[in-house]
Amino acid sequence: EAKDRGGNAFHFYVPSLQAAADLRLQMENDLRSALENGELVLYYQPQVDSERNQVLGAEALLRWEHPGHGLTHPDDFIHIAEETGLILAIGEWVIREACRQIRAWDGESSRRPLPQVSVNVSPRQFRQPDFVQRVKGILAETGVSPGRIVLELTERILLEDMEGAAERIRELQAIGARFCIDDFGMGYSSLAYLKNLPVEALKIDRSFVRDIPTDPNDVAIVETIIAMAWRFGLKVIAEGVETEEQLHFLAARGCDAYQGHLHSHAMPAVEFERHLG
Ligand code: C2E
Ligand code: MG
Ligand code: MG
Ligand code: MG
């Protein structure tokens, strides 16, 4: 006991730090084999028109069916993937899998084709010098037309390397691929990049949506983002819409589309199909 040795709390920290390091290393090793073992899956969350309540597309969200820990969300492992570089293989798999799924859904003639699927791109993935070639390769290989894919980038990605990012975005936009800014408003106050980049939508981070319409600061932020998007000719998608009240607030101010538990959670592809009917 640390106390017996003079109350030095340091002795308590050592084992817990060690345990945390062990767990992390375990996760890292598990993640290394997750892709090969088919433990990674994409869930799909509908993106819904705020006025007509029609499904416009879906966001593909990564899940890890960990044999020991069960269904694991990206917030618990993406940072490990990013730090170890595993994100490169995982991110590429995500884009390919989303394209494969688009084609599979297209093949089912009973249903109207899903117009678009959004995929999240990590900073390290986007910074790869051959990112553009890789995406083009996947689109060609799967036969998906580039306009069916929306790449979600965070402000952090754009500001780390404005020039490089702009070049990549323009190259992919030139073949018809589409871009939006994810978690808008979270990272930076610089908006200069908006005027130069061919992105089509801003996604309002769910932390701003959560407390509307009661929190006056969040109301001000959300109203400002929507007004600004309108001035820039951009669409706005709200994340994390959970209540009718939030939806009414957003729709009344011209927010084009939303995602959130009010309409549905992210779900496996088969469930998403049933959801579309
Ligand atoms: P994000 O891209 O901002 O995705 C939105 C997150 O909000 C998702 O969490 C989604 O499940 C959750 N969400 C949707 N509606 C609601 C709601 O009404 N209420 C609440 N409380 N939450 C809602 P998820 O799936 O756990 O993903 C978390 C983050 O992980 C994503 O945030 C994204 O940044 C990252 N991520 C997900 N998939 C990928 C991927 O394939 N690649 C990379 N690099 N990152 C990914
Ligand atoms: Mg996203
Ligand atoms: Mg988001
Ligand atoms: Mg978010």
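Rules behind the numbers
Residues numbered from 1 in each chain as written. Chains lettered and ligands numbered in written order. Predicted model: local features only at pLDDT ≥ 70, side-chain atom pairs only at ≥ 80, totals over all residues. Heavy atoms only, no water. Donors = N, O, S within 2.8 Å, 3.2 Å for Na, K, Ca; no water. Near = heavy atom within 4 Å. Polar contact = N/O pair within 3.5 Å; in protein donor to acceptor, adjacent residues only side chain to side chain. Areas by Shrake-Rupley, 256 points an atom, 1.4 Å probe, with all protein chains shown as cover. 1 Å grid on protein atoms, 1.4 Å probe; cavity = no way out; pocket = protein on both sides within 12 Å on 5 of 7 lines; lining within 4 Å. Sits in = over half its atoms within 2 Å of the grid points. Helix = DSSP H or I, 4+ residues; strand = E, 2+ residues; numbered from the N terminus. Buried < 20%, exposed > 50% of the residue type's maximum accessible area, 1.4 Å probe, protein only. Phe/Tyr/Trp six-rings, centres within 6.5 Å; stacked < 30°, edge-to-face > 60°. Lys NZ or Arg CZ within 6 Å of the ring centre and 35° of its normal.

Trainee: Whenever I open this one, the coordination of the magnesium ion (ligand 4) confuses me. Can you help?
Mentor: Put simply, the ideal angle at a metal is 109.5 degrees for four donors in tetrahedral geometry and 90 or 180 degrees for six donors in octahedral geometry. Around the magnesium ion (ligand 4), the protein contributes the donor atoms Asp183 (OD), Asp205 (OD) and Glu239 (OE), which lie 2.2 to 2.6 Å from the metal centre. Site description for the magnesium ion (ligand 4): donor spacing in sequence, D-x21-D-x33-E.

Trainee: Can you help me understand the site of ligand 1 in this one?
Mentor: Every one of the 22 residues lining ligand 1 counts as a neighbour, but Arg63, Asp182, Arg206, Glu242 and His261 are closest to it. At 2.6 Å from an oxygen atom of ligand 1 is found a side-chain nitrogen or oxygen belonging to arginine 206. With respect to ligand 1, the side chain of glutamate 242 contributes an N or O atom lying 2.5 Å from a nitrogen atom. Burial of ligand 1 by the surrounding chains reaches 86%, relative to a free accessible area of 800 Å². More than half of the atoms of ligand 1 fall within 2 Å of the grid points belonging to the largest pocket. Where the shell around ligand 1 is concerned, the elements lending two or more residues are strand E2 (55–66) and strand E6 (178–184).

Trainee: Is there a simple way to explain the coordination of the magnesium ion (ligand 2) in this structure?
Mentor: Coordination of the magnesium ion (ligand 2) by the protein comes from Glu59 (OE), Asn120 (OD1), Glu152 (OE) and Asp182 (OD), over a distance range of 2.0 to 2.2 Å. Positions of the donor residues of the magnesium ion (ligand 2), expressed as sequence spacing, correspond to E-x60-N-x31-E-x29-D. Between the magnesium ion (ligand 2) and the magnesium ion (ligand 3), a spacing of 3.6 Å is present, and a bridge between the two is formed by aspartate 182. Here the residue glutamate 59 occupies a position in strand E2, and glutamate 152 occupies one in strand E5 (residues 149–154), the gap between them amounting to 93 residues. A relative accessible area of 1% means that glutamate 152 is categorised as buried.

Trainee: Any chance you could explain unusual backbone geometry here in plain terms?
Mentor: Negative phi characterises most residues that are not glycine, and trans characterises most peptide bonds. In this chain, isoleucine 212 is followed by proline 213 through a cis amide linkage whose omega measures 5°. Structurally, proline 213 can be placed in the loop between helix H9 (206–209) and helix H10 (216–231). In this structure, aspartate 183 is a non-glycine residue whose phi angle is positive, near 55°. When you line up the elements, aspartate 183 lands in strand E6.

Trainee: Help me understand the packing of aromatic side chains, please; the structure alone is not making it clear to me.
Mentor: For any two aromatic rings, the description comes down to two numbers: the centre-to-centre distance and the angle of the planes. Inspection of every chain in the model, using the stated rule, returns five aromatic pairs. Taking the centre distance of 5.4 Å and the plane angle of 80° together, the rings of tryptophan 64 and phenylalanine 77 count as edge-to-face. With tryptophan 64 in strand E2 and phenylalanine 77 in the loop between strand E3 (70–72) and helix H2 (78–84), this pair connects stretches of sequence that are 13 residues apart. Neither tryptophan 64 nor phenylalanine 77 differs from the other in exposure class; each is buried. A connected cluster of aromatic rings, assembled from ring pairs, spans Tyr44, Trp105 and Phe272. For arginine 253, the ring lying beneath its charged end belongs to phenylalanine 249, and the centroid distance is 3.7 Å.

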